[in-house]
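Spelled out, the chains give:
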Amino acid sequence: MTTTLRPTAPEQRTADGRRSRTYEICVNGRPVGEAALGTHPQFGPRAGSIERLFVQERDRRRGRGTVAALAAEEVLRGWGCRWVGVGVPAGDAAALGLVTALGYTERSRNMAKPLTGPPALPAGSEARPLDDDRFPAWLAAQQADYTESLTERGVPRAEAEAKCAADHASLLPQGNATPGTALRVLAHEGVDVGTLWLGTRDGTAYVYDVQVAPEHRGRGHGRTLMLVAEREALAMGHDRLGLNVFAGNTPALRLYESLGYRATSVYFNKAL
């Protein structure tokens, strides 16, 4: 039997060069599922994305998804993509097994936690808003760290820089005064030890970054910053807090799990 992708609509292109197209997954011409492919709107035209790959229940466990994924990669190669990304629900064991078997490596995972009441902060710790005069230096450090994190995980530097610039422009359009955003400095015993960036994503409070100064690490301040995030999220009226953690950041992953966060989706990359 032959598994192929059959286009269901003309290819779409945007002014910034993004491409996308939808397909039927067919076996000997018989539709058995759907696929949607695109180039990433922020990583650029050399970054492909399998946005959807669905095989009907009756046709699963026969290798249809594997062949369809390989066909999708071939389409993206034809578009000039150098790598491809895909997101998988954390509880979908079959999909996780498929992408792993096809050579994809984890890039990051989204995690979330339901919130109840505001937690108390450790004695001697308090948080305050990030001052306007400190914002430019904080932003420059954020962008440098974010770009480096992406390139360390195989994202080409040009695409990483483009995504970094686009993300920060979108998330902080009014800088320190962006609505729905909390930028906080944590002080312990009167000494500044770290910063928190909390925003809103898809209607949910979201931790975009937690940073503890190198000389103050290993003393529990990262945990305290996450408690600050919970307090700020509740003050904004949210009952759920989400975050993203890069693969390989084992200390952060263990911290989040110990605080009650659980994975909701996992993102993978593969070089083409």
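Further up the page is the structure itself.
What you are looking at is a predicted structure, and each value in this text was computed from that prediction instead of being measured. (Residues numbered from 1 in each chain as written. Predicted model: local features only at pLDDT ≥ 70, side-chain atom pairs only at ≥ 80, totals over all residues. Heavy atoms only, no water.)

Caption draft 1: Highlighting the overall build of the chain. Assigned secondary structure in the chain consists of six helices and 13 strands. The C-alpha extent of the chain, read off along each of the three principal axes, is 70 × 35 × 30 Å. A total of 272 residues make up the chain; the buried ones form 43% of that total. For the chain, restricting intrachain contacts to residue pairs at least 6 apart in sequence, the fraction spanning at least 24 positions comes to 63%. Just so you have it, the chain exposes about 13600 Å², and 51% of that area is on carbon and sulfur atoms. Here the chain contributes 33 positively and 30 negatively charged side chains, and the mean placements of these two sets differ by 8 Å. (Helix = DSSP H or I, 4+ residues; strand = E, 2+ residues; numbered from the N terminus. Buried < 20%, exposed > 50% of the residue type's maximum accessible area, 1.4 Å probe, protein only. Contact = heavy atoms within 4.5 Å. Areas by Shrake-Rupley, 256 points an atom, 1.4 Å probe, with all protein chains shown as cover. Lys, Arg positive; Asp, Glu negative; His and termini not counted. Charge placed at Lys NZ, Arg CZ, Asp CG, Glu CD.)

Caption draft 2: Geometry of the layout of surface pockets. A volume near 680 Å³ is recorded for the second largest pocket. For the lining of the second largest pocket, the secondary-structure elements that each account for two or more residues are β5 (44–55), α1 (64–78), β6 (83–89) and α2 (93–101). The dominant element in the lining of the second largest pocket, judged by the number of residues it contributes, is β5, at six residues. When its residues are assigned to classes, the lining of the second largest pocket shows 14 nonpolar, four polar and eight charged. (1 Å grid on protein atoms, 1.4 Å probe; cavity = no way out; pocket = protein on both sides within 12 Å on 5 of 7 lines; lining within 4 Å. Points joined across faces, edges and corners; volume = space filled by probe spheres on them. Nonpolar A, V, L, I, M, F, W, Y, C, P; charged D, E, K, R; others polar.)

Caption draft 3: Inspection of the packing of helix α3 (residues 135–152) against helix α4 (residues 157–171) at higher detail. Relative to each other, α3 and α4 sit at 140°, their axes nearing to 9 Å. One way to sum up the angle between α3 and α4 is to call them oblique. Every pair of crossing elements has a handedness; the one defined by α3 and α4 is right-handed. Across the interface between the two elements, Leu 139, Gln 142, Gln 143, Tyr 146, Thr 147, Glu 148, Leu 150 and Thr 151 from α3 touch Arg 157, Ala 160, Glu 161, Lys 163, Cys 164, Asp 167 and His 168 from α4. In the contact of α3 with α4, the residues fall into five nonpolar, five polar and five charged. (Axes fitted to C-alpha atoms, helices over the stretch in contact; angles between N-to-C directions. Parallel < 35°, antiparallel > 145°, perpendicular 65-115°, else oblique. Left-handed = near helix turned anticlockwise from the far one by under 90°.)

Caption draft 4: Quick peek at α3. With 18 residues, α3 extends 26 Å from end C-alpha to end C-alpha; this agrees with the ideal 26 Å at 1.5 Å per step. Within α3, burial applies to Phe 135, Trp 138, Leu 139, Gln 142, Tyr 146, Thr 147, Ser 149, Leu 150 and Thr 151. Contacts from the buried residues of α3 go to α4, β9 (182–188), β10 (191–201), β11 (204–212) and β12 (240–246). (Expected span 1.5 Å × (residues − 1).)

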